[in-house]
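Each chain, written out:
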Amino acid sequence: MSIGSFERYPLLFGPSPVHPLERLSAHLGGAPVWAKREDCNSGIAYGGNKTRKLEYLVADALAKGCDTLVSIGGVQSNHTRQVAAVAARVGLGCLLLQESWVNWPDAVYDKVGNILISRLAGADVRLAARTEGMITDPVYEGKSMAGLIDLIGRREIEPASTVLYAHLGGQPALNAYSALFS
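As the structure is a prediction and not an experimental result, all values here were calculated from the model.

*Asks:* Describe the pattern of salt bridges, and please don't skip the residues or the numbers.
*Replies:* Applying the stated criterion across every chain yields a total of seven salt bridges. Of the charged contacts, one joins Asp 60 and Lys 64 as a salt bridge, the two residues approaching to 3.1 Å between their closest N and O atoms. Residue classification places Asp 60 among the partly exposed positions, given a relative accessible area of 38%. Its relative accessible area of 61% is what places Lys 64 among the exposed residues. Across the pair Glu 156 and Arg 154 runs a salt bridge, and its minimum N-O distance is 2.2 Å. Judged by relative accessible area, Arg 154 falls into the partly exposed class, the value being 42%. When salt bridges that share partners are traced, they join Lys 36, Glu 38 and Arg 52 into one network.

What follows is the structure in structure tokens.
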């Protein structure tokens, strides 16, 4: 069964753009870095990959006659924010259940630490913003950017490589960390 066989409620502008991060690449002096910008994919602010998924969930909810979307997440969750924004966009009610912070090991790149921001991610969030004007949140996107920058810096990603960084959208979490970026 292909993705095309599922009903979809259109919320996106189309495929998310891909573009070179020339200044960041020059700053790092290693492999050229490109970004797939899921953070620029819809008119629903900072939608990211969550909006892409919601196209299918909303189509199913509407087909079943649902009148309310329900989601759970932390107070910083960009997923719950997207559920609320999409519900408003399509005329459905919304109920958001908030959960407290949970710390867990980051299995993808354990050097950066748990869900709380690390100094490395904070510096690299600033670097991506300063060199490219690209905003990454400190929890998810910032950690992946920190890992990318570290791997290029240590030449574990060879300079002859070409890197595609998939920005999945997560900027709304920045307001939860404003003291760290002042």
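After that view of the structure, there is still more to cover.
*Asks:* An account of unusual backbone geometry is needed here, citing residue identities and associated values.
*Replies:* The residue Arg 155 is not glycine, and still its phi comes out positive at about 65°. Checked against the element boundaries, Arg 155 lands in the loop between helix 5 (141–153) and strand 5 (163–167).

*Asks:* Pulling in residues and values, what's your account of helix 3 (residues 78–90)?
*Replies:* An α-helical turn contains 3.6 residues, so a residue and the one three or four places further along point in the same direction. Between its first and last C-alpha atoms helix 3 spans 18 Å; for 13 residues at 1.5 Å apiece the expected length is 18 Å, and the two agree. Buried within helix 3 we find Asn 78, His 79, Thr 80, Gln 82, Val 83, Val 86, Ala 87 and Val 90. Note on helix 3: the residue one or two positions beyond its end, Gly 91, has a positive phi of about 80°.

Quick notes on the rules
The residue count restarts for each chain, going from 1 along the sequence in the order it is written. Confidence filtering applies because this is a predicted model: local features only for residues at pLDDT of at least 70, side-chain atom pairs given and counted only at 80 or more, and all residues used for totals across whole chains, interfaces and linings. Each side-chain value is derived from all of the structure's non-hydrogen atoms; neither hydrogens nor water enter the calculation. For this document, the term salt bridge refers to a Lys or Arg side-chain nitrogen within 4 Å of an Asp or Glu carboxyl oxygen. Relative accessibility thresholds used throughout: buried, under 20% of the residue-type maximum; exposed, over 50%; partly exposed, between the two (1.4 Å probe, protein chains only). Here a strand is any run of E in DSSP of at least two residues, a helix any run of H or I of at least four, and the numbering for each starts at the N terminus. Expected span, for any helix, means 1.5 Å times one less than how many residues it has.

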